[in-house]
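Read off the chains here:
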Amino acid sequence: QVQLVESGGGLVQAGGSLTLSCTVSGRTGSPYVMAWFRQPPAKDRDFVAAISRSSARTYYADSVKDRVTISRDNGVNTVSLQMNRLKPDDTAVYYCAAGECYGRTPAEYTYWGQGTQVTVAS
């Protein structure tokens, strides 16, 4: 099976930084479009960022624009999300996703990781 595993979450003070990583393994073919979503407590899953197969294009939600950078290394099947100047509203479970086409809704993506918790303290 195709598996996505996130890592790098934790507790950080407001204004601090974290870098999340997602490793893809299993029966993979061509690189997928990769994305990050997040789900705050008792809220819906929301788009954060996405990156094309070759890293030629990146996409960001307005809520994180200029504060996050998505990148990938296809040689080691890893996608990363660098987050700076974190705010309490960034607190959520962050999920890595893979799909055939870029989109900003969960329905666009076929494979999902288990999620990693990010908590930003005031």
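Right above here is the structure, for reference.
Overview of the structure. (Residues numbered from 1 in each chain as written. Predicted model: local features only at pLDDT ≥ 70, side-chain atom pairs only at ≥ 80, totals over all residues. Heavy atoms only, no water.)

Per the stated rule, a full pass over the model turns up three salt bridges. A salt bridge links Asp90 to Arg38; the shortest N-O distance between them is 2.8 Å. Taken as a pair, Asp90 in the loop between strand E8 (78-83) and strand E9 (92-99) and Arg38 in strand E4 (residues 33-39) lie far apart in primary sequence, 52 residues in all. Relative accessible area serves as the criterion here: at 2%, Asp90 is assigned to the buried category. One salt bridge connects Arg53 with Glu100, and the closest N-O pair in it is separated by 3.0 Å. Of this pair, Arg53 sits in the loop between strand E5 (46-51) and strand E6 (58-60) while Glu100 sits in the loop between E9 and strand E10 (111-112), and the two are 47 residues apart along the sequence. Residues participating in the shared-partner salt-bridge network are Arg38, Arg67 and Asp90. (Salt bridge = Lys/Arg side-chain N within 4 Å of Asp/Glu carboxyl O. Helix = DSSP H or I, 4+ residues; strand = E, 2+ residues; numbered from the N terminus. Buried < 20%, exposed > 50% of the residue type's maximum accessible area, 1.4 Å probe, protein only.)

Within the secondary structure layout, Ser52 lies in the loop between E5 and E6. Sequence-distant contacts of Ser52, defined by excluding residues within four places in its chain, comprise Arg57 and Arg72. (Contact = heavy atoms within 4.5 Å.)

Let's shift gears to the packing of aromatic side chains. For any pair of aromatic rings, the description rests on two quantities: the centre-to-centre distance and the angle between the ring planes. Per the counting criterion, the structure on display carries seven aromatic pairs. On the numbers, 5.2 Å between centres and 55° between planes, the contact of Phe37 with Trp112 is tilted. Taken as a pair, Phe37 in strand E4 and Trp112 in strand E10 lie far apart in primary sequence, 75 residues in all. Between Tyr109 and Trp112, the ring centres sit 6.4 Å apart and the planes meet at 80°, which makes this aromatic pair edge-to-face. The exposure class of Trp112 is partly exposed, given its relative accessible area of 24%. Three or more aromatic residues joined by ring pairs make a cluster, and in this case those are Phe37, Phe47, Tyr59, Tyr102, Tyr109 and Trp112. Sitting above the plane of the Trp112 ring, Arg45 keeps its charged end 5.0 Å from the centroid. (Phe/Tyr/Trp six-rings, centres within 6.5 Å; stacked < 30°, edge-to-face > 60°. Lys NZ or Arg CZ within 6 Å of the ring centre and 35° of its normal.)

Turning next to the layout of surface pockets. Put simply, the largest pocket is a space of about 170 Å³. Around the largest pocket sit Val24, Thr28, Gly29, Ser30, Pro31, Tyr32, Met34, Arg72, Asn74, Asn77, Thr78 and Val79, which together line it. Looking at the lining of the largest pocket residue by residue, the classes come out as five nonpolar, six polar and one charged. (1 Å grid on protein atoms, 1.4 Å probe; cavity = no way out; pocket = protein on both sides within 12 Å on 5 of 7 lines; lining within 4 Å. Points joined across faces, edges and corners; volume = space filled by probe spheres on them. Nonpolar A, V, L, I, M, F, W, Y, C, P; charged D, E, K, R; others polar.)

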